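Examination of the molecular architecture
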Amino acid sequence: MPGIIGKKIGMTSLFTADGKYTPVTLIQAGPCVVTQVKTVETDGYAAVQLGYGEKKLKRVTKAEAGHYKKANTSAKKKVAEFDVEGISLNLGDSVDVNLFEEGEFIDVVGTSKGKGFQGVVKRHNFAGVGGQTHGQHNRARHPGSIGACSWPSRVFKGMRMAGRMGGNRVKIQNLTVLRVIAEKNLLVVSGSVPGAKNSYVLIEK
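Bear in mind that the values here come from a model prediction, so they are computed numbers and not experimental data.

1. Remarks on the sheet that holds strand β3 (residues 32-38)
The strand order across the open sheet built from four strands is β5-β4-β3-β6, with neighbouring strands paired in antiparallel fashion. If you trace the sheet from one side to the other, it starts and ends with β5 (76-83) and β6 (94-95), each paired once. Across two bridges, β3 lies against β6 in antiparallel orientation. Within β6, the residue paired with valine 33 across the bridge is serine 94. In the packing of helix α2 (residues 62-70) onto the sheet, contacts are made with β3, β4 (47-54) and β5, and the angle to β3 comes to roughly 100 degrees.

Below is the structure:
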């Protein structure tokens, strides 16, 4: 299985075997249930859909309820699809944290924290005016010129400006699995993971 759905619990730190002080992220990985199996014959590609987290049945549509009933499982809060080749899984099968081993590298996909509407200094690391402003005022964190007048008489696409920041899909690659706590379905991963506490993440091998 190439991956699993998890929930970011939070961050802490620990000492590795060689005495290195390391910041780590705790992720509750699974258990996930196979809610759909896609094949090349029926869907045009091979994939497995996993569901994670319990949800009240009255919170889902009738179509979704029938989808989960077919897999003989309860309604799920988070559903994600993973591409698979040569892996045989059936509806209702369970996938848990034992998928991973200590020391291996993983990729984690999450939604970054939303920052709201931010200016160019925070959003694009502009330096601002700095110290000497030659008498101008209220210009310290402004974007400055965004284009010329007579030519091109427009603002180029992609111009870095103020706007909504954060809330994007972000993948962090090559994080190390430091601990696997199977009885609590916990992964201890080196470094930080995108998203707020209790946000859902995809863990890919």
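2. Examining a positive patch on the surface
Residues Lys55, Lys56, Lys58, Arg59 and Lys77 make up a contiguous surface patch of positive charge. Secondary-structure assignment places arginine 59 in the loop between β4 and α2.

3. Here's the deal with the sheet that holds strand β10 (residues 169-181)
Ordered in space as β1-β2-β11-β10-β7-β12, the six strands form a closed barrel in which the pairing is antiparallel. Neighbour to neighbour, the strand axes of the sheet diverge by 50 degrees on average, direction disregarded. The pairing of strand β1 (residues 3-15) with strand β2 (residues 21-29) spans nine bridges and is classified as antiparallel. Bridge pairing in β2 links threonine 12 to valine 24.

4. What about the environment of lysine 78?
Along the chain, lysine 78 falls in strand β5. Separated by 69 residues in the primary sequence, lysine 78 and isoleucine 9 place their C-alpha atoms 16 Å from one another. Discounting residues that sit within four places of it in the chain, lysine 78 has contacts with Ile5, Leu50, Gly51, Tyr52 and Tyr200.

5. Considering the packing of aromatic side chains
How two aromatic rings sit relative to each other is set out by the distance from centre to centre and by the angle between their planes. A full pass over the atoms with the stated rule returns three aromatic pairs. Seen in terms of ring centroids, phenylalanine 15 and tyrosine 21 are 5.2 Å apart; in terms of plane orientation they differ by 55 degrees. Their pairing is tilted. Across this residue pair, the class does not change: phenylalanine 15 and tyrosine 21 are exposed.

6. Side note on the pattern of salt bridges
Evaluated as defined, the whole model comprises four salt bridges. Of the charged contacts in the structure, one is a salt bridge between lysine 38 and glutamate 81, with a shortest N-O distance of 2.9 Å. Separated by 43 residues along the polypeptide, lysine 38 in strand β3 and glutamate 81 in strand β5 bring together distant segments of the chain.

Rules behind the numbers
- Residues numbered from 1 in each chain as written.
- Predicted model: local features only at pLDDT ≥ 70, side-chain atom pairs only at ≥ 80, totals over all residues.
- Heavy atoms only, no water.
- Pairing = 2+ DSSP bridges.
- Helix = DSSP H or I, 4+ residues; strand = E, 2+ residues; numbered from the N terminus.
- Contact = heavy atoms within 4.5 Å.
- Axes fitted to C-alpha atoms, helices over the stretch in contact; angles between N-to-C directions.
- Patch = residues over 30% accessible without salt bridge, like charges linked within 9 Å, V, L, I, M, F, W, Y side chains within 5 Å.
- Areas by Shrake-Rupley, 256 points an atom, 1.4 Å probe, with all protein chains shown as cover.
- Salt bridge = Lys/Arg side-chain N within 4 Å of Asp/Glu carboxyl O.
- Lys, Arg positive; Asp, Glu negative; His and termini not counted.
- Charge placed at Lys NZ, Arg CZ, Asp CG, Glu CD.
- Phe/Tyr/Trp six-rings, centres within 6.5 Å; stacked < 30°, edge-to-face > 60°.
- Buried < 20%, exposed > 50% of the residue type's maximum accessible area, 1.4 Å probe, protein only.

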